[in-house]
Amino acid sequence: MGRVSGKVAFVTGAARGQGRSHALRLAEEGADIIAIDLAEEIDTVKPLYHGATEADLAETVKMIEALDRRVVATKADVRDYAAVKAAVDDGIAQLGRLDIVVANAGIFVFGDKTEDVTEQQWADVIDINLTGVWHTAKAAIPVLADGGSIVITSSTAGIKGTPNVAPYTASKHAVVGLMKTLALELAPRSIRVNSVHPTGVATDMILNEATFKLFLPDVEHPTREQAAEVFATTNALPIPWVEPRDISNAVLFLSSDEARYVTGVMLPVDAGYTIK
């Protein structure tokens with residue numbers, strides 16, 4: 001028996017990166033998966049890194065099915081509440097229940113001082129990273145099983161200030177307030193709500209030249225190797241970044257009965273970033 005056998009998990013941003021990893025880790029431990037992803041480019045993000053694709057989402061489906069788990073995947077935008085609710089309702093209709101919510105979908109816009117951030121950059125980040133989490137919770141809570149779990153992906157930027165990353169940092173702090181409020185509201189139903197706070201994670205969002213230049217502004221084309229040296233100086237442990245599975249293991253713990261009395265917690269998986 002797996003640690004979440006017989007349960008159904010709803011994972012947003014599941015096409016690749018952390019979202020795919022979370023879906024797979026939960027499936028490995030017995031959960032069936034409801035998965036959504038925007039699976040297209042966002043204009044304000046595209047100059048920095050490319051968005052996931054429908055092919056990425058299809059690959060996530062294949063990987064879950066290879067684990068002999070059921071999956072219902074939908075191309076949906078967390079900014080669109082009706083689309084999120086429809087995906088949840090369709091998933092429950094096919095899979096029978098909902099026990100776990102992983103509000104993971106998010107974007108990273110960076111590089112400008114706060115006064116230089118454009119209106120559209122601010123709107124996109126807040127709408128996806130904050131309002132999208134609210135939409136996810138709003139759609140899931142009425143149908144989430146008592147005793148269930150909600151895990152919200154925040155960031156070390158949800159704990160510490162981060163220069164030149166104002167919209168992202170604001171959004172990741174804001175979801176902590178939402179998490180703590182939901183933890184109190186849902187406690188009578190024994191539904192636990194927590195957030196995870198990763199340091200840099202080895203995904204497309206981080207492993208790209210634009211992000212490297214955030215840390216190496218004087219290098220014209222910084223390499224992964226050059227960036228790794230700088231990233232490693234930000235963590236207490238001697239590593240530049242963690243792997244998606246490291247975060248997924250925390251999500252699994254918070255989603256399992258092992259954490260049945262853990263709620264309202266900000267869990268850093270950050271190699272000591274926030275204490276340095």
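Residues numbered from 1 in each chain as written. Predicted model: local features only at pLDDT ≥ 70, side-chain atom pairs only at ≥ 80, totals over all residues. Heavy atoms only, no water.

**Q** Looking at this model, I keep getting lost on the overall build of the protein chain. Mind explaining?
**A** Within the protein chain, the secondary structure is distributed over 8 helices and 7 strands. The globule rule puts the C-alpha radius of gyration for 276 residues at 19 Å, and the 18 Å found for the protein chain is close to it. Here the protein chain holds 276 residues, and 54% of them are scored as buried. Residue pairs in contact within the protein chain that sit at least 24 positions apart in sequence constitute 74% of those at least 6 positions apart. For the protein chain, the accessible area works out to roughly 11,900 Å², and carbon and sulfur atoms hold 54% of it. Side-chain charges in the protein chain split into 25 positive and 36 negative, and the spacing between the mean points of these groups amounts to 6 Å. (Helix = DSSP H or I, 4+ residues; strand = E, 2+ residues; numbered from the N terminus. Rg over C-alpha atoms; globule rule 2.2 N^0.38 Å. Buried < 20%, exposed > 50% of the residue type's maximum accessible area, 1.4 Å probe, protein only. Contact = heavy atoms within 4.5 Å. Areas by Shrake-Rupley, 256 points an atom, 1.4 Å probe, with all protein chains shown as cover. Lys, Arg positive; Asp, Glu negative; His and termini not counted. Charge placed at Lys NZ, Arg CZ, Asp CG, Glu CD.)

**Q** Sorry, what's going on with the nonpolar core here?
**A** Counting residues in hydrophobic clusters, the biggest one holds 55 residues, and the most contacted among them are Phe10, Leu98, Ile107, Phe108, Ile150, Ile152 and Val193. Sorting the residues of this core by element identifies strand E1 (8-12), strand E2 (32-37), helix H3 (81-95), strand E4 (100-103), helix H4 (119-140), strand E5 (149-153), helix H5 (166-186) and helix H7 (224-234) as the ones contributing at least two each. Looking at this core element by element, the count peaks at 8 residues for H5. If we skip the residues at most four places from it in the chain, Phe108 touches Leu48, Tyr49, Val165, Tyr168, Met205, Ile206, Thr211 and Leu214. (Core = buried A, V, L, I, M, F, W, Y, C linked by side-chain atoms within 4.5 Å.)

**Q** Can you help me understand the pairing of E2 in this one?
**A** Remember that side chains alternate between the two faces of the sheet whenever the strand is regular. In terms of burial, E2 is a largely internal element, 6 of the 6 residues being buried. Going residue by residue along E2, you find Asp32, Ile34 and Ile36 tucked away on one face and Ile33, Ala35 and Asp37 tucked away on the opposite face as well. Two strands pair when backbone bridges link them, and E1 and E2 are joined in this way by 5 bridges, in the parallel orientation. Note that in E2 the partner of Phe10 across the bridge is Ile34. For the handedness criterion, the β-α-β arrangement of E1, helix H1 (residues 17-28) and E2 is classed as right-handed. Sheet analysis places E2 next to strand E3 (residues 71-75), joined by 5 bridges and oriented parallel. (Pairing = 2+ DSSP bridges. Right-handed = clockwise from strand over helix to strand, strands pointing away.)

**Q** What is the right way to read the pattern of salt bridges from this model?
**A** In a structure, side chains of opposite charge can pair up when their charged atoms sit close to one another. Per the stated rule, a full pass over the model turns up 14 salt bridges. Between Glu28 and Arg25 there is a salt bridge, with its nearest N and O atoms 3.0 Å apart. With a gap of 3 residues between them, Glu28 and Arg25 both fall in helix H1, about one helical turn apart. Asp124 is the salt-bridge partner of Arg79, the closest N and O atoms lying 3.7 Å from each other. On the criterion of sequence distance, the pair formed by Arg79 in the loop between E3 and H3 and Asp124 in helix H4 is long-range, its members being 45 residues apart. For Arg79, a relative accessible area of 30% translates into the label partly exposed. Look at Asp124 and you get buried, because its relative accessible area is 7%. The structure contains a network of salt bridges with shared partners spanning Arg25, Glu28, Glu29 and Arg245. (Salt bridge = Lys/Arg side-chain N within 4 Å of Asp/Glu carboxyl O.)

**Q** Quick question: what am I supposed to make of the packing of aromatic side chains here?
**A** Within a pair of aromatic rings, the relevant descriptors are the distance that separates the centres and the angle that separates the planes. Enumeration over the complete set of coordinates arrives at 5 aromatic pairs. Among the aromatic residues, ring-to-ring pairing joins Phe212, Phe215, Phe231 and Trp241 into one connected group. The residue whose ring lies beneath Lys138 is Tyr81, and the NZ or CZ to ring-centre distance is 5.3 Å. Here the basic side chain of Lys160 rests over the ring of Tyr273, its NZ or CZ set 4.6 Å away from the ring centre. (Phe/Tyr/Trp six-rings, centres within 6.5 Å; stacked < 30°, edge-to-face > 60°. Lys NZ or Arg CZ within 6 Å of the ring centre and 35° of its normal.)

**Q** Would you mind showing me how to read the environment of Asp32 here?
**A** Position of Asp32 among the secondary structure elements: in strand E2. Residue class for Asp32 comes out buried when judged on its relative accessible area of 5%. Between the alpha carbons of Asp32 and Val4 there is a distance of 9.2 Å; along the sequence they are 28 residues apart. Among all residues touching Asp32, those that are not within four sequence positions of it are Lys7, Val8, Ala9, Arg69, Arg70 and Leu95. At 2.9 Å, the side chain of Asp32 forms a polar contact with the backbone nitrogen of Arg70. (Polar contact = N/O pair within 3.5 Å; in protein donor to acceptor, adjacent residues only side chain to side chain.)

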